[in-house]
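This is what each chain is made of:
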Amino acid sequence: MAEGKRDIVDILKAIDRRIIFLLIALAVILPLVFHLVFSVHSSPIVEAIFDKIESLPPGSKVILSFDYGPSTVPENQPMAEAVARHVLHKDLKLYMMAVWATGPPQTEVLIANVIETDFPEKVYGEDWINLGYKAGNQGLINAILLDLKGMYTTDIHGTSIDEFEMMKDVDNLTDMSLILCIGSGFPGMREWVQFAGDPGDIPVAGGVTAVEAPLLYPYYPRQLLGLMGGLQGAAEYEAALVTKYPQYKASSEQAIQLMGPQTVAHLVIIAFVVVGNIAFFAERRRDRRRKA
Amino acid sequence: MRVQIPLIITFVVGIALIVAIFVPHDPFHRMNEDFSVYFDLIAVFAFILGGGNLLKIHGNRISRRGRDWKYSVVTVVGFLAMLVVGAFKIGGPPGLTGDVTADGSWFKFMYDSIFVSCQATMFSLLAFFVASASYRAFRAKTKEATLLLVAAFIILIGRTPLGHYLTGWLPQPLQFLHIPNLSNWILSIPNMAGQRAIMIGIALGIISTSLKLILGIERSYLGGESK
């Protein structure tokens, strides 16, 4: 009996990591295959961004910075697309740029998925513009706070910035009503708060990966208007958008659909941690009994 | 002179930028703007420096057949391949003014087919390693570890729709026990307090280091020893 119990403890204590990998893979694949979708409710920190965009009058200028790369696309791209869709729906002017060199390809994806699909009537240079990437990290943010046209003399295609209608009354970042940063590291949301939002008194909001979100809570709500944290944050924004504008249900539920695999994967991780702890306490109890 | 001139430049620029923050009027305000532009110009040159440094380090490792030198070959070949197809705009629209990321360019093909796939794969692997590491290391050995474990469970469940399903039925007076609310509380109160403490500590460290640089106490950036 004692031998059998020891065996179980030992088995639970040392599960082969290939079994863990297999179960995590199944936790992600099966909900995708069977379209497991949960309803998502938005939290106050995400609703704050939604409400801010709702409150801006038509024609207000919003800058959207793509500060991420392909590795975090599943978390960041749905955020960018949801806020861009909302901004364009509200007839706000959308200025897209990137502080990361890997940002512009993601801008192209957004243009194809959002602007060309849902807003084909929007005119480039009048309703939205793509300023592209510039080197300089936080130095670039600091520079465009004082002189945007000095740093961006052309758009991403090399056309002079002065040729665009929506650039005529823009001198620097203080002309923007809202800064939206979708980021996954340095430079990112923190730098936008420190070098643009705070010194220029411009509202800053946006979304970051789940691992980075806790680092930004010290700025919320005074310096950071709102925050989408990870896939859940993106799903919450999509939920708020789709609730108010059901016409985007088909196109703006990427993150909501991905929450199924994420939820099951979280449950599998919790299950493994519980199993590991059961084995730990069982082993401790067994050792005490042996000593006694 | 080789030491004095850089020290004087550092001192003057450092003091001027500090004054520019507290005196937002010309000429200090203008100086802040100009220095930001200089910084951006220098940042562009950092790409050349970074590329040269990468070639030097990995080139040395390959020539000496150092540890894992075969990976250095992959790094150098990858770097040079992207550099050549990007700089010479192979494929896609012709000419120096052609868009390097246009459809049909080799650069775009390599970016989409190799870089994107590699980055996505590397990041995706994290899920597997996080699960394995959590199982092996996350043990309630002490009171502190137990607290961390409970907080982790609440965050893991609270950051999914499951939290709403599990405790959404709680009556209004007990809503503070609703898992998403508990998750938000952990992030907004204990997490924020800890993060602020760390940030203030880092800021004090940066101020101290900056003062040492401006006053010429810290001189390692000149290539020599600190005094």
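1. Some details on unusual backbone geometry
Residues apart from glycine generally show negative phi values, whereas peptide bonds are mostly found in trans. Residues and elements named next belong to chain A. Here the bond from F186 into P187 is cis, since omega is -10 degrees, no more than 30 degrees from zero. Looking at where P187 falls in the secondary structure, it is placed in the loop between β4 (178–183) and α8 (189–200). At the junction of Y220 and P221, the peptide bond is cis and its omega measures out at 5 degrees in the coordinates. Within the fold, P221 resides in the loop between α9 (213–216) and β6 (226–229). Located in the positive-phi region is D91, a residue other than glycine, with phi close to 60 degrees. Within the fold, D91 resides in the loop between α4 (73–89) and β2 (93–98). A positive phi is found at D201, a non-glycine position, where the angle reads about 55 degrees. Structurally, D201 is set in the loop between α8 and β5 (204–208).

2. A word on the sheet that holds strand β1 (residues 61–67) of chain A
All names here are of chain A. Across the sheet, which stays open at both edges, the 6 strands sit in the order β3-β2-β1-β4-β5-β6 with parallel pairing between neighbours. At either margin of the open sheet sits one strand with a lone partner, and together these are β3 (128–133) and β6. Pairwise comparison of adjacent strand axes, ignoring direction, gives a mean angle of 15 degrees for this sheet. Sheet topology places β1 next to β2; 5 bridges connect them, and they run parallel.

3. Some points on the interface of chain B and chain A
With 47 residues of chain B at the contact, the number on the chain A side is 60 residues. Across the interface of chain B and chain A, roughly 4,500 Å² is buried in total on both sides, 68% from carbon and sulfur atoms. Between the two partners, chain B and chain A, sit 0 salt bridges. At the surface where chain B touches chain A, the tally comes to 13 residue pairs in polar contact (both at pLDDT 80 or more). Of all the secondary structure elements, the ones that give two or more residues to the side of chain B that touches chain A are α2 (28–63), α4 (106–137), α5 (143–158), α6 (162–167) and α7 (179–214) of chain B. Of all the elements, α4(B) adds the most residues to the side of chain B that touches chain A, at 15 residues. Its residues assigned to classes, the side of chain B that touches chain A shows 28 nonpolar, 12 polar and 7 charged.

4. Details of the domain arrangement of chain A
Parsing chain A into structural domains produces domain 1 (8–35 + 259–291) and domain 2 (44–252). Inter-centroid distance (C-alpha atoms) of domain 1 of chain A to domain 2 of chain A is 39 Å.

5. Section: helix α11 (residues 254–291) of chain A
Spanning 38 residues, α11(A) covers 56 Å between terminal C-alpha atoms, matching the ideal 56 Å at 1.5 Å per step. Largest kink in α11(A): about 30 degrees, centred on A:G260, with the proline A:P261 one to four residues after it.

Cut-offs applied
Along each chain, residues carry numbers from 1 onward, in the same order as the chain's sequence is written. All chains are assigned letters beginning at A, and all ligands numbers beginning at 1, according to the order in which they are written. Local features in this predicted model are restricted to residues of pLDDT 70 or higher, and side-chain atom pairs are both shown and tallied only at a pLDDT of 80 or more, whereas totals for entire chains, interfaces and linings draw on every residue. Based on all heavy atoms of the structure, the side-chain values leave hydrogens and waters out of the count. Elements are defined by DSSP. Helices are runs of H or I of four residues or more, strands are runs of E of two residues or more, and each kind is numbered from the N terminus. At least two DSSP bridges between two strands are required for those strands to pair. For every element, the axis is a line fit to its C-alpha atoms; helices are fit only across the contacting stretch, and the angle between N-to-C directions ranges from 0 to 180 degrees. Whether two residues are in contact is decided by their heavy atoms: any pair within 4.5 Å suffices. Defined in terms of a 1.4 Å probe, buried area is the accessible area two parts forfeit on being brought together, summed over both. Salt bridge, as used here, is a side-chain nitrogen of Lys or Arg placed within 4 Å of a carboxyl oxygen of Asp or Glu. Polar contacts, as counted here, are pairs of nitrogen or oxygen atoms within 3.5 Å of one another; within protein the pair requires one atom able to donate a hydrogen and one able to accept it, and residues that are adjacent in sequence qualify only if both atoms are side-chain atoms. Charged residues are taken to be Asp, Glu, Lys and Arg, nonpolar residues to be Ala, Val, Leu, Ile, Met, Phe, Trp, Tyr, Cys and Pro, and polar residues to be all remaining types, Gly included. Segmentation into domains, and thus their bounds, comes from an automatic or database assignment. Here the expected length of a helix is defined as 1.5 Å per residue gap, with one fewer gap than residues. Two axes are fitted around each residue, one to the seven residues ending there and one to the seven starting there, and the angle between them is reported as the bend at that residue.

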